[in-house]
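The lines below spell out each chain.
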Amino acid sequence: MGNDGSFRESISLHSDRDVSRARVLVAQWASQQGFSVVERTRAMTAVSEISRNCVIHGGGGTMYVSTLYNNGSPGFRIQIVDQGPGIENLELSMGRGYSTRGGLGLGLDGARKLCRAFRVESNAGAGTTVTLDYWR
Ligand SMILES: Nc1ncnc2c1ncn2[C@@H]1O[C@H](COP(=O)(O)OP(=O)(O)OP(=O)(O)O)[C@@H](O)[C@H]1O
Ligand SMILES: [Mg+2]
């Protein structure tokens, strides 16, 4: 725990089992912070999609969860980071139905709708960082 009461945990993402672990970790954070079952499920679903992208498209990486306050409302920030090829066409990829791997192309668009704030930073050859914020 930091001096200010902040807290951060991380988990390595390299397999389907890691994706399951990431879901569990986020569920624990949501429960501990008093989020409803619905909100917790939204966070778990979003994390499934983004961490699966990290494993499949990004060659694996790390998920960080840390405490967050938004205007006094407690919550958490999830960051999923990889050093993979980056998202080639970010604008297209953020939309529904675009996939470079024969997927449904619903992951990014779905996850964006399942959190309070969503940010993707991606550069060709320099990896991808997706940030999802939750507050009550
Ligand atoms: N971490 C990443 N690194 C590189 N490319 C990515 C990453 N995440 C997403 N992408 C690119 O964005 C596209 C869209 O991602 P999205 O999750 O929406 O669909 P998908 O993974 O292809 O299919 P699915 O519906 O099964 O999730 C991917 O096909 C891929 O090209
Ligand atoms: Mg996906």
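Whatever comes next refers back to the structure up there.
Structure report, in brief. Every chain is numbered on its own, with residues counted from 1 as its sequence reads. Working convention: letters from A go to chains and numbers from 1 go to ligands, in the order in which they are written. In view of the model being predicted, local features appear only for residues whose pLDDT reaches at least 70, and side-chain atom pairs are presented and counted only at 80 or more, with totals across whole chains, interfaces and linings using the full set of residues.

### Quick look at the overall build of the protein chain
Selection criterion: The helix count covers DSSP runs of H or I at least four residues long, the strand count covers runs of E at least two residues long, and both are numbered beginning at the N terminus. Only C-alpha atoms enter the radius of gyration, while the globule expectation follows 2.2 Å times N to the 0.38, with N the number of residues. Once C-beta atoms are placed from the backbone, each residue is buried if 20 or more other C-beta atoms lie within 10 Å of its own, exposed if 12 or fewer, and partly exposed for counts between those two.
In terms of helices and strands, the protein chain carries 4 helices and 5 strands. Relative to a compact globule of 136 residues, whose C-alpha radius of gyration would be 14 Å, the protein chain shows 14 Å and is just as compact. Considered along the principal axes of its C-alpha atoms, the protein chain spans approximately 40 × 30 × 25 Å. Counting across all 136 residues of the protein chain, residues that qualify as buried make up 29%.

### Focus: unusual backbone geometry
Glycine aside, residues mostly have negative phi, and peptide bonds are mostly found in the trans state. In this structure, Asn 71 is a non-glycine residue whose phi angle is positive, near 50°. The residue Asn 71 is located in the loop between strand S2 (61-70) and strand S3 (73-82) in this model.

### A closer look at the pairing of strand S5 (residues 128-135)
Rule in force here: Two strands qualify as a pair provided that DSSP identifies no fewer than 2 bridges between them.
Going residue by residue along S5, you find Thr 128, Val 130, Leu 132 and Tyr 134 tucked away on one face and Thr 129, Thr 131, Asp 133 and Trp 135 left uncovered on the opposite face. Pairing of S3 with S5, which is carried by 8 bridges, proceeds in the antiparallel orientation. What sits directly across from Ile 78, in S5, is Leu 132. Across 6 bridges, strand S4 (residues 117-122) lies against S5 in antiparallel orientation. Pairing of Ala 117 across the sheet is with Asp 133, part of S5. Connecting S4 to the antiparallel partner S5 that follows it, the hairpin turn spans 5 residues, and Gly 125 within it adopts a positive phi of roughly 80°.

### Structural notes on the nonpolar core
Where a protein is soluble and globular, its nonpolar side chains tend to be buried together. Selection rule: The term nonpolar core refers to a group of buried residues, namely Ala, Val, Leu, Ile, Met, Phe, Trp, Tyr and Cys, whose C-beta atoms join them within 7 Å. In this description, a residue-residue contact is defined by the distance between C-beta atoms placed from the backbone, which must lie within 7 Å.
Core analysis: the biggest nonpolar cluster contains 25 residues, and Val 26, Ala 46, Val 47, Ile 50, Ile 78, Ala 111 and Leu 132 have the highest contact counts within it. At the level of elements, helix H1 (16-32), helix H2 (37-56), S2, S3, helix H4 (107-113) and S5 are the ones that each hand at least two residues to this core. Among the elements that take part in this core, H2 stands out by supplying 6 residues, more than any other. Discounting chain neighbours no more than four positions away, the residues touching Leu 132 are Ala 46, Ile 50, Ile 78, Ala 111, Cys 115 and Phe 118.

### Focus on the site of ligand 1
As a reminder, the rule being used: Only the C-beta atom matters for this test: placed from the backbone, it must lie within 6 Å of a molecule or strand for the residue to be near it. Residues are grouped as follows: nonpolar covers Ala, Val, Leu, Ile, Met, Phe, Trp, Tyr, Cys and Pro; charged covers Asp, Glu, Lys and Arg; every other residue, Gly included, is treated as polar.
Around ligand 1 there are 23 residues in total, and Gly 58, Ser 99, Thr 100, Gly 103 and Gly 107 lie nearest to it. Taken together, the residues that form the shell around ligand 1 break down as 7 nonpolar, 12 polar and 4 charged.

### Notes on the pairing of S2
Bridging between strand S1 (residues 8-13) and S2 involves 6 bridges; their strand directions are antiparallel. The residue of S2 that forms the bridge with Leu 13 is Gly 61. Count of turn residues in the S2/S3 antiparallel hairpin: 2 residues, of which Asn 71 carries a positive phi of about 50°.

### Let's talk about H1
In plain terms, the rule: Expected span of a helix, by definition, is 1.5 Å for each gap between consecutive residues, and there is one gap fewer than residues. As used here, the arc is the angular range of directions from the helix axis to the C-beta atoms.
Spanning 17 residues, H1 covers 25 Å between terminal C-alpha atoms, matching the ideal 24 Å at 1.5 Å per step. Buried residues of H1: Asp 18, Val 19, Ala 22, Val 26, Trp 29 and Ala 30, and no others. Buried positions in H1, seen along its axis, are confined to an arc of 120° and lie on one side of it. Turned more than 90 degrees off the buried face of H1, the exposed positions are Asp 16, Arg 17, Ser 20, Val 24, Ser 31 and Gln 32. Looking at the buried residues of H1, the elements they touch are S1, H2, S2 and S3. In the stretch just after H1, Gly 34 is the one whose phi turns positive, near 80°.

Everything listed is a geometric property; what it means functionally is a separate question.
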